[in-house]
2 protein chains.
Amino acid sequence: MTASTLSEVAKLAGVSPATASRVLNGSARTPAPEIAERVRQAADTLGYIANAQAQGLAKARSGLIGLIVHDIADPYFSAIARGVQAAAREQGKMVLLATTEGTPADERAAVAAFAARRADSIVIAGSRSTQPGDKDSNTELAAELDRYCRNGGKVGVVGHSIVGASHPDGYHVVDVPNEELAAKLAVELSAGTQGDFVIIGGPEGRLTSDDRIRGFQRGLSDAGLPEAEVIRSRFNREGGYEAGLQLAARIKAGQSGGTRFCIFAANDVMAIGAVAALRSEGLRIPRDALIAGFDDIETLRDFRPPLTTVSLPLEEIGRLAALGSSNDRDGSEDASAHSSVTGTVVLRRSTETASAPG
Amino acid sequence: MTASTLSEVAKLAGVSPATASRVLNGSARTPAPEIAERVRQAADTLGYIANAQAQGLAKARSGLIGLIVHDIADPYFSAIARGVQAAAREQGKMVLLATTEGTPADERAAVAAFAARRADSIVIAGSRSTQPGDKDSNTELAAELDRYCRNGGKVGVVGHSIVGASHPDGYHVVDVPNEELAAKLAVELSAGTQGDFVIIGGPEGRLTSDDRIRGFQRGLSDAGLPEAEVIRSRFNREGGYEAGLQLAARIKAGQSGGTRFCIFAANDVMAIGAVAALRSEGLRIPRDALIAGFDDIETLRDFRPPLTTVSLPLEEIGRLAALGSSNDRDGSEDASAHSSVTGTVVLRRSTETASAPG
DNA sequence: ATGAAGTGGGAAAGCGCATTCCCATTGCAT
DNA sequence: ATGCAATGGGAATGCGCTTTCCCACTTCAT
């Protein structure tokens, strides 16, 4: 037994499919109340559920919003996903998920898949990479997105505008002031710290990571401090762990010169990994080293010692990206090519210089 | 400018739409290589992307798999989502996301929405509730799912079979031995513990929570210990926190009778909340109380003190649910109504009775 | 040389719905 | 009473694709 169709409902109600369509799925024209009731009853007894695919075909809109993330299990992305999901819900849409592990080629494929499904809009989160090896893929990604826009799609971008993308009004980017906030963090940290600064960053070319590193360096410089050394690693917990091991060895070898290293990890998850590594080497935070992260991941807030970080309204970011790229076109002016959020530096115990009582 | 269509491609290639369809999207019949090449070229120059909605309509399959979770930002669910996503990818499908906050009414709506989109299968994660107030909604949820199955849909269920659902072969449930594992945890904990056991559980009627509580009690009983008190709270971090505050007050009032409470929180996130509460009251783990969780959430593994818990292969669970409900029907026998996973008790510092050196 | 079997492309009929147009009916003003 | 606009339902078309069926042509066996 297959699902019942509109015409079956119409037949049962003794009306035409057109009328049934009008009453069941919103239309400008509203049939007479008595007829409407009959149709609704028929639909009910048949357990009618409109075929969204057919509707999409007929209306050229799908009610779908595509979401591209690196890894849905990464708390950074899942927080954004929650925001996107909330926005989708508000608009009566559904979200389609794609994970890409950050590779531009997969992102391109995801965009194509979304385009195939005629997603009304696409939200692309997660920093793109500008590594030389990814150059072609990036160009193709931009091309694919442009094509999608040209065909009427809207795309919401978290963080930076897409490199190479050029369609005039198809993109809505949610600016995240990674650089400024990282600078601010550096300034605030430098106030009460005397040890050397070290940065644990993602791979070179990872935009978000690069922004944060650049900002942090600028902050140091603004505070009259020398540039910090940068250790490159993967942009996840394991990357942080590995970098942490390196640092631990150096700390134990006395390379921190009598003072504590102040470590800045480009995101919270890396910071946690680094802390785990330091601990596994018998070092303690903040006794033997200070450390700060970025993002203020919710699940990590109960971590000990509490992690100094930059709090970002991730859910809101997701919401804005989804809303900004919604098809409320006929744009209220041009006001909507960008929206921006702000974050706040949150100093916590992991960077406290006065040795804690406990 | 709107996306180009199959017939445009066909025209450009000088063939019929039928032929174009055959070469571009897999078919049993394969046109001549030379023609195929021409079609492919035409598709390429036009930037043709098949309209999945139209394909879905024509083929009566959508290539979509619906995923229902309480909250995508909850690490438990996002881990499962990752598994589902992986399975979807293997099968060349996409996942459609719905979040419900655990309310049966929303779950019902999500199922209906998936049915409307003609999702090939639905994975429903997250414990259903059997609270009296939800009874009707639950019945409706079951009815909706049954209807979906009757129309040819497959549903993968994480944890328990759907209460009230009855369609013979539409459901594939991934059994999670919550009860057994909780019992095992209780037994292992009781070995080295003398204090009273206390359970922090979710609201009554929450299936997963109830299973774990029941199992834990059984384990205690098997070990010859009296039944533990159960504190009911919300099934998330805040719930754990609130329960933790209550317990902290009692511990400080000396109600633990000279020994330490051994707290079992029905999931890791609650456990973390409880730990945070105890800490905020100046208590320390495991010095002042022991605590164990359930799930072994990845992001929480670096937590201090390391949390005793039950490790569950969440990603695998998601995979199995998605795969098991995939339309490889013509079922290899009936072998596939269930699949099961197993977990392991992981004893860590949070329940160590020998007072730690540090 | 002839027919049967096989090969490969095209025409056409939907898939389930929205929507445009058309037509019958009604209400009103004249 | 007559004409007009407004109202509301139905027929038909098309959204973009798959798939069945048909037909022209080739190839082989006889």
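Residues numbered from 1 in each chain as written. Chains lettered and ligands numbered in written order. Predicted model: local features only at pLDDT ≥ 70, side-chain atom pairs only at ≥ 80, totals over all residues. Heavy atoms only, no water.

**Side note on the overall build of chain A**
Consideration 1: When you go through chain A residue by residue, the secondary structure sums to 12 helices and 12 strands.
Consideration 2: Taking the principal axes of its C-alpha atoms as reference, chain A extends roughly 90 × 45 × 35 Å.
Consideration 3: Split into buried and exposed, the 358 residues of chain A put 57% on the buried side.
Consideration 4: Within chain A, contacts between residues separated by at least 24 positions form 73% of all contacts whose residues are at least 6 apart in sequence.
Consideration 5: Accessible area for chain A stands at about 14700 Å²; split by element, carbon and sulfur atoms hold 49% of it.
Consideration 6: If the 38 positive side-chain charges of chain A are averaged to one point and the 44 negative ones to another, these points end up 4 Å apart. (Helix = DSSP H or I, 4+ residues; strand = E, 2+ residues; numbered from the N terminus. Buried < 20%, exposed > 50% of the residue type's maximum accessible area, 1.4 Å probe, protein only. Contact = heavy atoms within 4.5 Å. Areas by Shrake-Rupley, 256 points an atom, 1.4 Å probe, with all protein chains shown as cover. Lys, Arg positive; Asp, Glu negative; His and termini not counted. Charge placed at Lys NZ, Arg CZ, Asp CG, Glu CD.)

**As for the interface of chain A and chain B**
Consideration 1: Contact with chain A, which involves 54 residues of that partner, is made by 54 residues of chain B.
Consideration 2: Both sides of the chain A and chain B interface together cover about 5000 Å² of buried area, and 54% of this is carbon and sulfur.
Consideration 3: Of all residues in chain A, A:Gln53, A:Met94 and A:Asp302 bury the most surface against chain B, accounting for 15% of the area lost on that side.
Consideration 4: The tally of links from chain A across to chain B stands at six salt bridges. (Buried area = accessible area lost by both parts, 1.4 Å probe. Salt bridge = Lys/Arg side-chain N within 4 Å of Asp/Glu carboxyl O.)

**What to know about the packing of helix H10 (residues 237-252) of chain B against helix H11 (residues 268-280) of chain B**
Residue and element names in this part refer to chain B.
Consideration 1: Between H10 and H11, the shortest axis-to-axis distance is 6 Å and the interhelical angle comes to 40 degrees. With respect to H11, the axis of H10 lies oblique. Here H10 runs over H11; the crossing is right-handed. Along the contact surface, H10 presents Arg237, Gly239, Gly240, Tyr241, Gly244, Leu245, Leu247, Ala248 and Ile251, while H11 presents Val269, Met270, Gly273, Ala274, Ala276, Ala277, Leu278 and Ser280.
Consideration 2: For the contact of H10 with H11, the per-class residue count stands at 11 nonpolar, five polar and one charged. (Axes fitted to C-alpha atoms, helices over the stretch in contact; angles between N-to-C directions. Parallel < 35°, antiparallel > 145°, perpendicular 65-115°, else oblique. Left-handed = near helix turned anticlockwise from the far one by under 90°. Nonpolar A, V, L, I, M, F, W, Y, C, P; charged D, E, K, R; others polar.)

**What about the sheet that holds strand E2 (residues 94-99) of chain A?**
Consideration 1: One open sheet holds the 12 strands; their spatial order is E11(A)-E5(A)-E4(A)-E3(A)-E1(A)-E2(A)-E2(B)-E1(B)-E3(B)-E4(B)-E5(B)-E11(B), and the pairing between them is mixed. Here the strands that pair on one side only, and so sit at the sheet edges, are strand E11 (338-340) of chain A together with strand E11 (338-340) of chain B. Across the sheet, the axes of successive neighbouring strands diverge by a mean angle of 20 degrees, strand direction being ignored.
Consideration 2: The pairing of strand E3 (residues 121-124) of chain A with strand E4 (residues 154-159) of chain A spans four bridges and is classified as parallel. If you follow A:Ile124 over to E4(A), its bridge partner there is A:Val157.
Consideration 3: Helix H6 (residues 104-116) of chain A contacts strand E1 (64-69), E2 and E3 of chain A together with strand E2 (94-99) of chain B of the sheet and is inclined by roughly 175 degrees relative to E1(A). (Pairing = 2+ DSSP bridges.)

**Comments concerning the protein's contact with DNA strand D**
Consideration 1: The environment of DNA strand D is made up of 25 residues, and the closest members are A:Thr19, A:Arg29, B:Leu6, B:Ser21 and B:Tyr48.
Consideration 2: For DNA strand D, a phosphate oxygen lies 2.9 Å from a polar atom in the backbone of A:Ser16.
Consideration 3: If you list the elements that add at least two residues to the surface near DNA strand D, you get helix H2 (17-24) and helix H4 (52-59) of chain A together with helix H2 (17-24) and helix H4 (52-59) of chain B.
Consideration 4: Here the element with the most residues in the surface near DNA strand D is H4(B); it accounts for four residues. (Near = heavy atom within 4 Å. Polar contact = N/O pair within 3.5 Å; in protein donor to acceptor, adjacent residues only side chain to side chain.)

**With respect to the pattern of salt bridges**
Consideration 1: Scanning the entire structure with this criterion turns up 50 salt bridges over all chains.
Consideration 2: The partner of A:Arg232 in a salt bridge is A:Asp210, with the nearest N and O atoms 3.3 Å apart. Linking A:Arg232 in strand E7 (residues 229-232) with A:Asp210 in helix H9 (residues 207-222), this pair joins segments that are 22 residues apart in sequence.
Consideration 3: When the shortest N-O distance is used, the salt bridge between B:Arg287 and B:Asp288 registers 2.9 Å.
Consideration 4: Relative accessible area serves as the criterion here: at 18%, B:Asp288 is assigned to the buried category.
Consideration 5: Taken together, the salt bridges that share partners define one network made up of A:Asp71, B:Arg82, B:Glu298 and B:Glu315.

**Here's the deal with the sheet that holds strand E8 (residues 261-265) of chain A**
All names here are of chain A.
Consideration 1: Within the open sheet, the four strands sit side by side as E7-E6-E8-E9. Their pairing is parallel. With partners counted over all chains shown, the strands left at the sheet margins are E7 and strand E9 (289-292), one partner each. Taking the axes of each pair of neighbouring strands and ignoring which way they run, one obtains an average angle of 25 degrees across the sheet.
Consideration 2: Docked against the sheet, helix H8 (residues 178-191) engages strand E6 (197-201), E8 and E9, running at close to 165 degrees with respect to E8.

**Digging into the side chain of B:Asp211**
Residues and elements named next belong to chain B.
Consideration 1: Assignment of secondary structure puts Asp211 in helix H9 (residues 207-222).
Consideration 2: Here Asp211 falls in the buried class, since its relative accessible area comes to 12%.
Consideration 3: Those residues within four positions of Asp211 in sequence are excluded, and the remaining contacts are His160, Asn178 and Glu179.

**Things to note about the protein's contact with DNA strand C**
Consideration 1: The environment of DNA strand C is formed by 25 residues, the closest being A:Leu6, A:Ser21, A:Tyr48, B:Thr19 and B:Arg29.
Consideration 2: Counting only atoms of DNA strand C within 4 Å of the protein, the fraction found in sugar and phosphate groups is 58%.
Consideration 3: Here a phosphate oxygen of DNA strand C and a backbone polar atom of B:Ser16 are 3.0 Å apart.
Consideration 4: One of the backbone nitrogen or oxygen atoms of B:Ala32 is found 3.2 Å away from a phosphate oxygen of DNA strand C.
Consideration 5: Among the elements that line the surface near DNA strand C, the one with the most residues is H4(A), at four residues.

**Considering the environment of B:Arg128**
Residue and element names in this part refer to chain B.
Consideration 1: Looking at the element boundaries, Arg128 is found in the loop between strand E3 (121-124) and helix H7 (135-150).
Consideration 2: For the pair Arg128 and His70, spaced 58 residues apart in sequence, the C-alpha separation works out to 9.8 Å.
Consideration 3: Discounting chain neighbours no more than four positions away, the residues touching Arg128 are Glu107, Asn138, Leu141, Val157, Val158, His160, Ile162, Gly205, Arg206 and Leu207.

**Comments concerning H8(A)**
All names here are of chain A.
Consideration 1: Here H8 spans 20 Å end to end across 14 residues, near enough to the 20 Å set by a 1.5 Å rise per residue.
Consideration 2: Along H8, the residues classified as buried are Asn178, Glu179, Leu181, Ala182, Ala183, Leu185, Ala186, Leu189 and Ser190.
Consideration 3: Taken together, the buried residues of H8 touch E6, H9, E8, E9, strand E10 (309-311) and strand E12 (344-346). (Expected span 1.5 Å × (residues − 1).)

**Structural notes on the domain arrangement of chain A**
Consideration 1: With domains assigned, chain A is organised as domain 1 (6-50), domain 2 (63-176 + 315-327) and domain 3 (178-311 + 344-351).
Consideration 2: Inter-centroid distance (C-alpha atoms) of domain 1 of chain A to domain 2 of chain A is 37 Å. (Domains from an automatic or database assignment.)

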